[in-house]
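Chain by chain, the residues:
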Amino acid sequence: MHSAKGIAEILMNRPHARNSLGKVFVNELFSALEQLRLDEKVRVVVFKSEVKGVFCAGADLKERAKMDDAEVGHFVKRLRNLMDEIAALPVPTIAAIDGYALGGGLELALACDLRIAASSAKMGLIETTRGLLPGAGGTQRLPRCVGIGLAKELIFTGRRIDGQEAASMGLVNHAVPQNSEGDAAYQRALTLAKEILPQAPFAVKMGKLAINRGIEVDIASGMAIEGMCYAQNIPTRDRQEGMAAFREKRPPRFIGK
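Worth saying up front: this structure is predicted, and the values here are computed from it rather than measured. (Residues numbered from 1 in each chain as written. Predicted model: local features only at pLDDT ≥ 70, side-chain atom pairs only at ≥ 80, totals over all residues. Heavy atoms only, no water.)

> Kindly report on helix α8 (residues 184-196), identifying the contributing residues and their values.
For α8, which comprises 13 residues, the first-to-last C-alpha distance of 19 Å matches the rise-based estimate of 18 Å (1.5 Å per residue) to within 8%. Three or more residues of α8 are buried, namely A184, A185, Y186, A189, L190, L192, A193 and I196. (Helix = DSSP H or I, 4+ residues; strand = E, 2+ residues; numbered from the N terminus. Expected span 1.5 Å × (residues − 1). Buried < 20%, exposed > 50% of the residue type's maximum accessible area, 1.4 Å probe, protein only.)

Pasting the structure below:
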C-alpha cells in the first residue's frame, strides 16, 4: 500500500499468479483495508496493479483445486466479505483497470465506487465457463451497474468485453486509450482522485453513504436516508467554511471536520 497527499494506493503485485486472489493475497488486502479505515488523512483510495497487462485475473484456481468443498465454501465467503469491506470503506474508491479483470478481479472492481479502464482492457464475469457462478458479489453489483438484462447476458455467456464496450454500457466510468507505459487507466484514475481531493471530505463520505444505502431501498426510504446524512453534515466546520468561502468569493479550505 502507498499513500501520499490524501490519496492512498493499494498496489496489487503478484506477478507469478497474475494477481489472482489466493489466501495470502486476500489476507494482505484485508490488512491494507484495516489500515485505511483507521487513517483519517486518506480521502481517496485507488486500486491499481503493478503487473503489466493485468488488473486481477480472479480467484487462484490452482489453489482452489486443492480445497475440498467445505474449504471452497469458506474461502468464497471470505472473498465476499473482502468485497463488502472494499465497498464499505467510507472514502471514494477507484479501480484502475489497465489489463485483464476477470471473475473475482472484476468483482473487486465492481466493489469500488468508480472504475476507469484502458480501452484495450478485458473484463468479464467468466465463472460460467468454469462451471461456477459469480460468488463474490458479481450477481448483485453488476446488475446495479449495467441493468438486469445486460448483467444476465454477461453472466450467462461468460463473455469478455473490452474497456470501450464496458464504458458504453456503464460498467466503467471512463475508457482511455492505453499508453506505452501500460498505465493509462491509472493516470486517469489519479486525475479523478485529484479532482475529488479538494472537496469537503465529510460531505463526500456522507454522499457515498446516502447513495450506497439508498439504492438498496425504495425511493421514499432513500430520501429519508439522504435527509439523515444531510442532517449530519449541517453542523460540520467544512459546511460553514464552504458557505464563508462562497460569501467571500475565495476557494474553500476544508479540514475534514
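> With reference to specific residues and values, describe the layout of surface pockets.
Reported here for the largest pocket is a volume of approximately 990 Å³. Where the lining of the largest pocket is concerned, the elements lending two or more residues are α3 (69-88), α4 (104-111), β7 (114-118), α5 (138-146) and α9 (201-214). Take the lining of the largest pocket: its biggest share by element is eight residues, from α9. For the lining of the largest pocket, the class distribution of residues is 17 nonpolar, four polar and ten charged. Both domains that furnish three or more residues to the lining of the largest pocket are identified here as domain 1 (7-197) and domain 2 (201-248). Estimated volume of the second largest pocket: approximately 620 Å³. Considering the residues around the second largest pocket, the lining is formed by 28 residues, among which A57, G58, A59, D60 and L61 are closest to the centre. Here the lining of the second largest pocket is composed, by residue class, of 14 nonpolar, six polar and eight charged. (1 Å grid on protein atoms, 1.4 Å probe; cavity = no way out; pocket = protein on both sides within 12 Å on 5 of 7 lines; lining within 4 Å. Points joined across faces, edges and corners; volume = space filled by probe spheres on them. Nonpolar A, V, L, I, M, F, W, Y, C, P; charged D, E, K, R; others polar. Domains from an automatic or database assignment.)

> Requested: an account of the domain arrangement of the chain, with residues and values cited.
If you check the domain split of the chain, you get domain 1 (7-197) and domain 2 (201-248). For domain 1 and domain 2, the distance between their C-alpha centres works out to 27 Å. Contacts between the two partners involve ten residues from domain 1 and, on the opposite side, six residues from domain 2. Of the roughly 620 Å² buried where domain 1 meets domain 2, counting both sides, 57% is carbon and sulfur surface. Looking at the side of domain 1 facing domain 2, the largest losses of area belong to R43, P90 and R144, adding up to 50% of the total buried there. Run the count over domain 1 and domain 2 and you get one salt bridge. At the boundary of domain 1 and domain 2, one finds three residue pairs in polar contact (both at pLDDT 80 or more). Taken together, the residues of the side of domain 1 that touches domain 2 break down into six nonpolar, one polar and three charged. (Contact = heavy atoms within 4.5 Å. Buried area = accessible area lost by both parts, 1.4 Å probe. Salt bridge = Lys/Arg side-chain N within 4 Å of Asp/Glu carboxyl O. Polar contact = N/O pair within 3.5 Å; in protein donor to acceptor, adjacent residues only side chain to side chain.)

> Which residues make up the packing of α3 against α4, and what values go with them?
The geometry of a pair of packed helices is captured by two quantities: the angle between their axes and the separation between those axes. Two numbers describe how α3 lies on α4: the axes approach to 8 Å, and their chain directions differ by 25°. It follows that α3 is roughly parallel to α4 by the angle criterion. When the axes of α3 and α4 are compared, the crossing they make is right-handed. Counting all contacts with α3, which are made through M83, I86 and A87, the residues of α4 involved are G104, E107, L108 and A111. Looking at side-chain class alone, the contact of α3 with α4 contains five nonpolar, one polar and one charged residues. (Axes fitted to C-alpha atoms, helices over the stretch in contact; angles between N-to-C directions. Parallel < 35°, antiparallel > 145°, perpendicular 65-115°, else oblique. Left-handed = near helix turned anticlockwise from the far one by under 90°.)

> So what's going on with the sheet that holds strand β9 (residues 161-162)? Which residues, and what values?
Spatial strand order, β4-β6-β8-β9: four strands in an open sheet with mixed pairing. In the strand order of this sheet, the two ends are held by β4 (54-56) and β9, each with one partner. In terms of strand pairing, strand β8 (residues 122-124) meets β9 through two bridges, oriented antiparallel. Looking at the pairing, M123 lines up with I161 of β9. Helix-sheet contacts for α4 involve β4, β6 (100-102) and β8, and the interaxial angle to β6 is about 95°. (Pairing = 2+ DSSP bridges.)

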